Amino acid sequence: MQRKLFTIASAVSMVGLMLSAEAAMAQKNGGVLKAYHRGTPPSGSIHEEATNSTVAPYMGVFNNLIMYDQAKAVESLDTIVPDLATKWSWNGDKTKLTFNLRKGVTFHDGKPFTAKDVVCTWNLVKGVGKAKLRKNPRKSWYKNLDKVTADNDYQATFHLKRKQPAFVALLAGGYSPVYPCHVSPKKMRTHPIGTGPFKFVSLKQNEHVKFVKNQNYWKKGLPHLDGINWTIIKSRSTRVLAFVAGKFDFTFNVDVTIPLLKDVKAQAPHAICELVTTNVSFNLIVNQFKPPFDNAKIRKAMVMTMDRKAFIDILSEGQNVQGGAMMPPPSGVWGMPPEFLKTVAGYSSDVAGNRAKARKIMESLGYGPDNKLKVKVSTRNIAVYRDPAVILIDHMKEIYIDATLDTVETSNWHAKVARKDYMVGLNLTGIGVDDPDANFYENYSCGSQRNYTGYCKPEMEALFEKQSMMEDQAARKKLVWEIDKKLQEDAARPMIMHGKAAQCWQPYVKGFVTHVNSIYNNWRMEDVWLDK
Amino acid sequence: MADIDHQAELVKAGAHVSSRWDKTLFYARRYPLGAIGAVIMVIFIFSAIFADVLAPHDPLQTRARASLSAPNAEFVMGADMMGRDMYSRIIHGARISLTVGVASIMLGGFIGVFIGLMSGYLMGWFDLLMQRLIDIMQALPLLVLALVMAASLGPSLENTIIAISIPLVPNVARVVRSSTLSLREMPFVEAARAAGMSEMRVALRHVLPNILAPLIVLFTAQLGAAILVEASLSFLGLGVPEPHPSWGRMLSESAAEYVRVAPWLVIFPGLAISMAVFGANLFGDALRDILDPRQRS
Amino acid sequence: MVLTLIGISIIIFVLLRLMPGNIADIMFDSAGFVDPAEKAQIEKELGLDLPIPVQYYHWIKGLLVWDLGFSFVSEMPAVDELGPRIPITAKLAALALGFSVLFGLPLGVICAVKQDTGLDYTLRVISLSGLSLPSFWLALLILMFCVTYFGDIPIYMDPPENLWDELLLYSIPAAAVGFRSSALIMRLTRSSMLEVMRQDYIRTARSKGASENSINYHHALKNAVLPVTTIIGIEAAFLIGGLIITETVFNIPGVAHFLVEAILMRDYPIVQNLVMLIALVTVLINFAVDLLYAVLDPRIKYAD
C-alpha cells in the first residue's frame, strides 16, 4: 500500500516537475484568463464560506502562512511549502508552532503585512477579538488552538492546547488565508483585500467576478496572467456548451460531470480534461432522535438495502468510488483500502443477500408487503442531491419502506437540518483538507456546527484525539481506518460514495495542476499562463 | 343563443340532426382545426386517466443499466439519467399537467365567478373593493405573480395549483362581472326579481347559466396557459417537485445538462407540453367560435 | 393608479415575508450550517427582527426619497444593482415587441383578407403553435441548434461593445420571446379586422364602389388597429414574463433573470423594488394605452 502510494506520488510529482520545467522554459506573461463560474459567489470572504464558489475565484487574492505546493497533485503533510511564512518550527512538546514571516510584503491597499495580521486573522476565526465574522464555519478546526501571539513584527506563534502534528495541514489549505487587520469583515465580504497575486476588481451578481494582476506582488515576476474573468452562468448545460464552443479558456472547479465529459471530449477533442476525486462525498444524515430511525435495527436495514454500485453506475457511469468518511485511495491518503472496506458491515458486494437480511430485520419488526413503513427522504432541491435521493427511495422499496421525496429549497435546508426536522436526509459533504483532523472534528465531533446528526460519543472523541496526537503517520493511518469503520457501522452518516468530476481547459492554458485529493486548495493561479 | 344558431345551420347543411354522432361530425367538418384539437385533448385526458394501465413501466423505478439509454424496444422514448422510462414518465406527466391545469382553473374559476357575480350583481362598495383588488392582480404579469406565489408557498403539487389559480382570477372575474352587469338589466331577470325571488337565487338561477358560454371559452383558453405556467415554474425549480413526473421538471436543469448526450430527454417532454397546449388552444378556438357568436366569422 | 400601487406594495411585502426560509438561512447555506446566535445577529443587522408593519414603513419611507435599501446578497445599494440591468431588459423587450409587431400585424391582416383559405389555416396553425411552445424549450432548442450547426453559442458573456454587436446579441433571444407575442398580435389583428369588415360603414364603402384593397387596407385596417394597440400595450408589460425564462436560458443579466435569482435568494430589497417597478411600468402602459385609445377611437373623433 505504502509503495503504491509512493509510486503515484512520485509519478505525479514528476508530472509536476515536467510542468514546472516547461513553464520555466517558455512561460509567457500577459492575457486575461476567461473562465466560467457556476453561480454568484456568496461573498468574497473565504473565512466565512464553506464552498468552492468562493474559494476557487478568491484564493488568488490572498496568501496563506504556508500552503500546499500548487504544482503537486497529491496533497499531504510532505507537500506543504512556505508562503507568507519563510519557515516554521515546533517547540519541544509540539504545542507551540512558530512562523517566521516574510518582510516587505504589502496588502493591495498598500499597508504592510505584519504578525499582527496573523493574530487578527485567527482571532477572527476563534471568535475572540473585537471584529466578528458573520458566519464562522471552521471554528471546529481550531478547537485545539489556544491563542496566537505576535512575538515581534515578523514572528507569530500558534499556541495549542495539546500536541497536534497535523495542525499545519489545516493552515495549508485554501480555506486559511491571512486577512488584513485593518479591514473590516464586512469589507472583506464585498471587496476583499489580501497580499495575493490578484486584486479583486468587481463582482456583479449573475454576471461576473473579475480580478486583475497585482503589480506589486511580492513574488517577483508573478503572476503571469493580467487578470482572471469569471463569467457567471448558472445553467450547467449552457456553460458547458459555451466551453465546447470555445468561449472559455477554463471551466469552473470540477464542473464537468461524467456524462458531460463524454460530450466535451467528443465535441472539443483538443480540450484537456482531468477527472479527479472531488473529496465531496454523498452520504445520508439519519435522524437518530426521532422515529423510525431511532431504532438501530431499521437504520441497519436501510444501510443494507443500499446498492452502492448501482448509485455509482447510474450517477457516474461506474466512475465514482466507494469509501468511508475519508477519501478512498488511490487519490485519498487516509481512506480505507478496498480489502479493509469489505470487512465493514453493509459493504459486501452481495446486494441480494444484504437485502434478504434487511427484509428479515424489517419482518421481525412487523413490516411486510402489506404493512409498509412510510418514510420521508429529505434533500435539497438541486439535481446533484435529488438524483441520488430518487435512487435511494427506489432501493428502499426492496425492504418494505415506502419512501417519498421531500425536496427542500436551498433557503430552508440547513435550517431544517438544524431543527432536526427530517427522518433521513441525503447530503453532500465537501472536505477542505484531506486530513482526519479536518474531517473528524468538523463532521463527527461533539458540538461541531457541521455535525448535522449530532453524533456524539465520548469513546469516539477519545479516538479522534488519539489519532490527532500521533506523530507516526503510518500508525496514525491504521487507527484512522479503524475509526472510519466504526463511524460507518454506527451509521453516523452512512456513506454512499465519493464523487468524481472533471476540470477542463483549453490546450493553451498552461501551468495549472489539478489536485487529486481536494478541490479547494489549488486556486492560487499565480503560475498559470496563456500560450497564445 | 348560440346553439339555436347552429341548429339552423345544421338544417341548412342538410345534416341529420337526429343523432349526436352526426352533430359531432358536422362540427368536425365545420371546424377541422377544432376537431384536431379535440382529438389531442381526448388523447391527453385518456392518458392522464389511464396512466397506470397505459404506462409499460413504473415511472419512478430507477435502473442502473438503462441510464441515459436511447429509444429502443423496451424504452420507446429512451430512459433518463436514472434509467427511468421516459414514455411512462410522459404518460404519467399528462396526469400531473391535467391535474394542475384543471384544478387551478376550477379554483381560480370558482373564486373568479364568485367575485365577478357578486360585484356585478351587488355593485356598491363590494364591487369597488373587488375592482381594486383585480386591478392589483392585473398589474403584475401572470408569471411574475405565480413566481412570487410559488416561492412563498413552497414547492408542492397543491401549492403550484394555488399559485397558478390566483393569477387567473381577474380574467374570470372581469368576464363574469361585465356579463352580469348587462344581464341584470334584462327583462327576465327583472321579472324573476319582481316575482319575489331572493337576490342570491336570481344570481344563481338566472344569471349564472347565461354566462356559462363565455366562461367555458375562457376556461379552455386558460387550460393551455395553466399547463404552460406549470411547466415554466417547474423549469425554474419552483413548481411540482420530484419525483412527480412533471413535464416542466423533466426539461429543467438536470435534463438540459444531457441535452447533447441524450436529446430524447429534452425532445419528448417538450413535444408533450407543446401538443397538450396546442390541443387545448385549437379546441378552445373552435369552442369560442361555436359558443360566442359575436366572434364568429 | 396610486391606490393600485399601494395595494401591490402591501401584497408583495407580505408575500415575501411569508416565504419559508429567509436570507439569514441562505447565507448560512454557503457556510454549511446554521448557528442560531449568529443568525439572530444577521437578522438584527438587516432589520428583519422588526415587526412587519415597521419594516414596511421603513421601505416606503425609503422609496419616497429614492433610497431602495441594500441588496442582502451583495450588500451593495439596490439602486446600483438594479440600475444597470434595467436598460438591458428594456432593450430586449423593445426588440421583441418590434419583432412581434413586424410579423404579427401583417400576417394578421393577410389572414383576415384571405379568411378561410389554406393560407389562413396554415398561418393560424403556426401562430397557435407559437402560443403552445414553452419558451424555455424553444430557447434550449435554439441554443442546441446554434452549437451543433454554427459551433457558436449566442449567450451573453461580456457587455457588447457597439450597437451592432448589441443588436446581434439580443436578436435571437428577442425573437424567441417575440415569436409568442407575434402569434398573439396576429390572432387579434385577424379577429378585429374580421369584425370591422362586417360593420356597416365598410358595407357602405363597398356599396359606394371603393376598391377591395382600399377597403381592406384603408378602412378596415385603420379601425382594426385600435384593439391591436391595446394588446400591444399589454404585451409590452407582459413581455417581462416571457423574458424571465429567456434571460435565464440565454444568461442575459437583465432584471427579469435577476428577479428569479433574487426570489430564490430571498433578497427582499431587490424583489420588492423590482416587483414595484414592473407594476409601475404595467400601470403606466395601461394608462398610456387608455390615452391612445381616446386619441385613436374614431367614434370619439366623430363625436367631436
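Quick summary incoming for the structure in this document. (Residues numbered from 1 in each chain as written. Chains lettered and ligands numbered in written order. Predicted model: local features only at pLDDT ≥ 70, side-chain atom pairs only at ≥ 80, totals over all residues. Heavy atoms only, no water.)

### Overview of the overall build of chain A
Okay, step 1: In terms of helices and strands, chain A carries 16 helices and 17 strands.
Okay, step 2: At 23 Å, chain A has a C-alpha radius of gyration in line with the 24 Å of a compact globule built from 532 residues.
Okay, step 3: Principal-axis analysis of the C-alpha atoms gives chain A an extent of 75 × 55 × 45 Å.
Okay, step 4: Counting over 532 residues, chain A shows a buried share of 63%. (Helix = DSSP H or I, 4+ residues; strand = E, 2+ residues; numbered from the N terminus. Rg over C-alpha atoms; globule rule 2.2 N^0.38 Å. Buried < 20%, exposed > 50% of the residue type's maximum accessible area, 1.4 Å probe, protein only.)

### What to know about the overall build of chain C
Okay, step 1: Each helix and strand in chain C was counted, giving 14 helices and zero strands.
Okay, step 2: Going from N to C terminus, chain C has its helices and strands arranged as α-α-α-α-α-α-α-α-α-α-α-α-α-α.
Okay, step 3: Looking at chain C as a whole, 52% of its 304 residues are labelled buried.
Okay, step 4: Across chain C, contacts joining residues at least 24 apart in sequence account for 73% of those joining residues at least 6 apart.
Okay, step 5: By element, 70% of the accessible surface of chain C is carried by carbon and sulfur atoms, the whole surface being about 13,500 Å². (Contact = heavy atoms within 4.5 Å. Areas by Shrake-Rupley, 256 points an atom, 1.4 Å probe, with all protein chains shown as cover.)

### Some points on the environment of B:Leu147
Okay, step 1: With respect to the helices, strands and loops of the structure, B:Leu147 is situated in helix α7 (residues 142-153).
Okay, step 2: Residues B:Leu147 and B:Leu233, spaced 86 residues apart in sequence, show a C-alpha to C-alpha distance of 6.9 Å.
Okay, step 3: In this view, B:Leu147 contacts B:Leu233, B:Leu236, B:Leu238, C:Ile244, C:Leu259, C:Val260 and C:Ile263; residues no more than four positions away in its chain are not counted.

### Observations concerning the interface of chain C and chain B
Okay, step 1: Each partner contributes to the interface: chain C provides 49 residues, whereas chain B provides 45 residues.
Okay, step 2: Buried surface at the junction of chain C and chain B, summed over both partners, amounts to about 4,000 Å²; 77% is from carbon and sulfur atoms.
Okay, step 3: Summed over the shared surface of chain C and chain B, the number is one salt bridge.
Okay, step 4: Across the pair C:Arg187 and B:Asp285 runs a salt bridge whose closest N-O atoms are separated by 2.9 Å.
Okay, step 5: Joining chain C to chain B, the criterion identifies four residue pairs in polar contact (both at pLDDT 80 or more).
Okay, step 6: Of all elements in the fold, only α1 (2-18), α7 (118-132), α8 (135-150), α9 (163-197), α11 (212-249), α12 (255-264) and α13 (268-296) of chain C reach the threshold of two or more residues within the side of chain C that touches chain B. (Buried area = accessible area lost by both parts, 1.4 Å probe. Salt bridge = Lys/Arg side-chain N within 4 Å of Asp/Glu carboxyl O. Polar contact = N/O pair within 3.5 Å; in protein donor to acceptor, adjacent residues only side chain to side chain.)

### Thoughts on helix α3 (residues 36-45) of chain C
Residue and element names in this part refer to chain C.
Okay, step 1: Listed as buried for α3 are Glu-38, Lys-39, Ile-42 and Glu-43. Buried residues of α3, seen end-on, are gathered within an arc of 140° and therefore sit on one face of the element. Every exposed residue of α3 that faces more than 90 degrees away from the buried side is listed here: Ala-37 and Lys-44.
Okay, step 2: Taken together, the buried residues of α3 touch α2 (23-29).
Okay, step 3: Directly after α3, the chain includes Gly-47, whose backbone phi takes a positive value near 75°. (Arc of directions from axis to C-beta.)

### Topic: the pairing of strand β14 (residues 424-430) of chain A
Residues and elements named next belong to chain A.
Okay, step 1: Counted residue by residue, β14 has seven buried out of seven residues, so it is predominantly covered.
Okay, step 2: Burial of β14 is two-sided: the residues Val-424, Leu-426, Leu-428 and Gly-430 facing one way and the residues Gly-425, Asn-427 and Thr-429 facing the other way are all buried.
Okay, step 3: Here strand β11 (residues 272-286) runs beside β14; their pairing, made up of seven bridges, is antiparallel. Opposite Val-286, over in β14, you have Val-424 as the bridge partner.
Okay, step 4: Here strand β12 (residues 373-380) pairs with β14 via three bridges, running parallel. Note that in β14 the partner of Ser-378 across the bridge is Gly-425. (Pairing = 2+ DSSP bridges.)

### What to know about the packing of α7(B) against helix α11 (residues 212-235) of chain B
Residues and elements named next belong to chain B.
Okay, step 1: Packing of α7 against α11 leaves a shortest axis separation of 11 Å and a crossing angle of 55°. Viewed along their axes, α7 and α11 adopt a mutual orientation that is oblique. Between α7 and α11 lies a crossing whose hand is right-handed. Contacts from Leu-142, Leu-143, Ala-146, Leu-147 and Ala-150 of α7 reach α11 at Val-229, Ser-232 and Leu-233.
Okay, step 2: A breakdown of the residues in the contact of α7 with α11 according to their chemical character gives seven nonpolar, one polar and no charged. (Axes fitted to C-alpha atoms, helices over the stretch in contact; angles between N-to-C directions. Parallel < 35°, antiparallel > 145°, perpendicular 65-115°, else oblique. Left-handed = near helix turned anticlockwise from the far one by under 90°. Nonpolar A, V, L, I, M, F, W, Y, C, P; charged D, E, K, R; others polar.)

### Structural notes on the interface of chain A and chain B
Okay, step 1: At the interface, 24 residues of chain A touch 24 residues of chain B.
Okay, step 2: With both chains or domains summed, chain A and chain B bury close to 2,100 Å², and 59% of this area falls on carbon and sulfur atoms.
Okay, step 3: Here chain A is connected to chain B by one salt bridge.
Okay, step 4: A salt bridge links A:Lys397 to B:Asp58, with the shortest nitrogen-to-oxygen separation between them at 3.2 Å.

### Points about the sheet that holds strand β4 (residues 85-90) of chain A
Residues and elements named next belong to chain A.
Okay, step 1: Taken together, the four strands give an open sheet; going across it, the order is β4-β5-β7-β6, and neighbouring strands pair in antiparallel fashion. Edge strands, defined here as strands with exactly one partner in the open sheet, are β4 and β6 (145-152). Across this sheet, the average inter-strand angle for adjacent strands is 20°, counted without regard to direction.
Okay, step 2: One ladder, built from six bridges, connects β6 with strand β7 (residues 155-160); its direction is antiparallel. Of the residues in β7, the one forming a bridge with Thr-149 is Thr-157.
Okay, step 3: Here helix α3 (residues 115-126) sits on the sheet and contacts β5 (96-101), β6 and β7; the angle it forms with β6, its principal contact strand, is near 165°.

### A closer look at the nonpolar core
As a rule of thumb, soluble globular proteins bury nonpolar side chains together.
Okay, step 1: Residues A:Trp122, A:Phe158, A:Phe250, A:Met396 and C:Leu259 are the most contacted members of the largest nonpolar core, which totals 259 residues.
Okay, step 2: The residues contacting C:Leu259, other than those within four sequence positions of it, are B:Val144, B:Leu147, C:Ile244, C:Val271, C:Leu274, C:Val275 and C:Ile278.
Okay, step 3: Ranked by size, the runner-up nonpolar core spans 26 residues in total, among them A:Trp334, A:Tyr347, A:Tyr444 and A:Met460. (Core = buried A, V, L, I, M, F, W, Y, C linked by side-chain atoms within 4.5 Å.)

### Digging into the state of the cysteines
Residues and elements named next belong to chain A.
Okay, step 1: Evaluated as defined, the whole model comprises three disulfides over all chains.
Okay, step 2: Across the disulfide from Cys-273 sits Cys-504; the S-S distance is 2.1 Å. Here the disulfide of Cys-273 and Cys-504 is right-handed, its torsion about the S-S bond being about 110°. Highlighted residues: Cys-273 in strand β11 and Cys-504 in strand β15 (residues 495-505), separated in sequence by 231 residues. The pair formed by Cys-273 and Cys-504 is uniform in burial state, with each residue classed as buried.
Okay, step 3: Disulfide pairing places Cys-446 opposite Cys-456 at an S-S distance of 2.0 Å. Since a negative S-S torsion denotes a left-handed disulfide, the Cys-446-Cys-456 link at about 100° is right-handed. Of this pair, Cys-446 sits in the loop between α14 (436-443) and α15 (458-469) while Cys-456 sits in the loop between α14 and α15, and the two are 10 residues apart along the sequence.
Okay, step 4: Looking at chain A, its bonded cysteines, counted consecutively from the start of the sequence, adopt the pairing 1-2, 3-6, 4-5. (Disulfide = S-S within 2.5 Å.)

### Details of the pattern of salt bridges
Okay, step 1: In the structure shown here, the tally under the stated rule is 40 salt bridges over all chains.
Okay, step 2: With a shortest N-O distance of 3.5 Å, A:Lys72 and A:Asp69 are connected by a salt bridge.
Okay, step 3: A salt bridge links A:Lys204 to A:Glu207; the nearest nitrogen and oxygen atoms lie 3.6 Å apart.
Okay, step 4: A:Lys204 sits in the partly exposed class, given a relative accessible area of 24%.
Okay, step 5: Here the salt bridges do not stand alone but share partners, grouping A:Glu48, A:Arg134, A:Arg189, C:Glu45 and C:Glu75 into one network.

### Examining the pairing of strand β8 (residues 198-204) of chain A
Residues and elements named next belong to chain A.
Okay, step 1: Sheet analysis places β8 next to strand β9 (residues 208-213), joined by six bridges and oriented antiparallel. When the sheet's bridge partners are listed, Lys-199 is paired in β9 with Val-212.
Okay, step 2: Here β8 folds back onto β9, and the loop between the two strands holds three residues, one of which, Asn-206, carries a positive phi near 60°.

### Points about the sheet that holds strand β1 (residues 32-37) of chain A
Paired through their backbone hydrogen bonds, the strands of a sheet run either parallel or antiparallel.
Residues and elements named next belong to chain A.
Okay, step 1: Taken together, four strands build an open sheet; the order of strands is β1-β10-β9-β8 and the sheet is mixed. Only two strands of the sheet have a single partner each, and these edge strands are β1 and β8. Here the strands of the sheet are splayed against their neighbours by 15° on average, with no regard to which way each runs.
Okay, step 2: Across six bridges, the pairing between β1 and strand β10 (residues 227-232) is parallel. Note that in β10 the partner of Lys-34 across the bridge is Asn-229.

### Observations regarding a nonpolar patch on the surface
All names here are of chain C.
Okay, step 1: Together, Met-1, Val-2, Ile-6, Ile-10, Val-14, Leu-18, Ile-52, Leu-280, Leu-284, Phe-287 and Leu-291 give the surface a local cluster of nonpolar side chains, amounting to about 980 Å² of exposed area.
Okay, step 2: Those elements that place two or more of their residues in the nonpolar patch are α1 and α13.
Okay, step 3: It is α1 that contributes the most residues to the nonpolar patch, five residues altogether.
Okay, step 4: Tracing the backbone shows Leu-18 in helix α1.
Okay, step 5: We classify Leu-18 as exposed; its relative accessible area is 56%. (Patch = residues over 30% accessible without salt bridge, like charges linked within 9 Å, V, L, I, M, F, W, Y side chains within 5 Å.)

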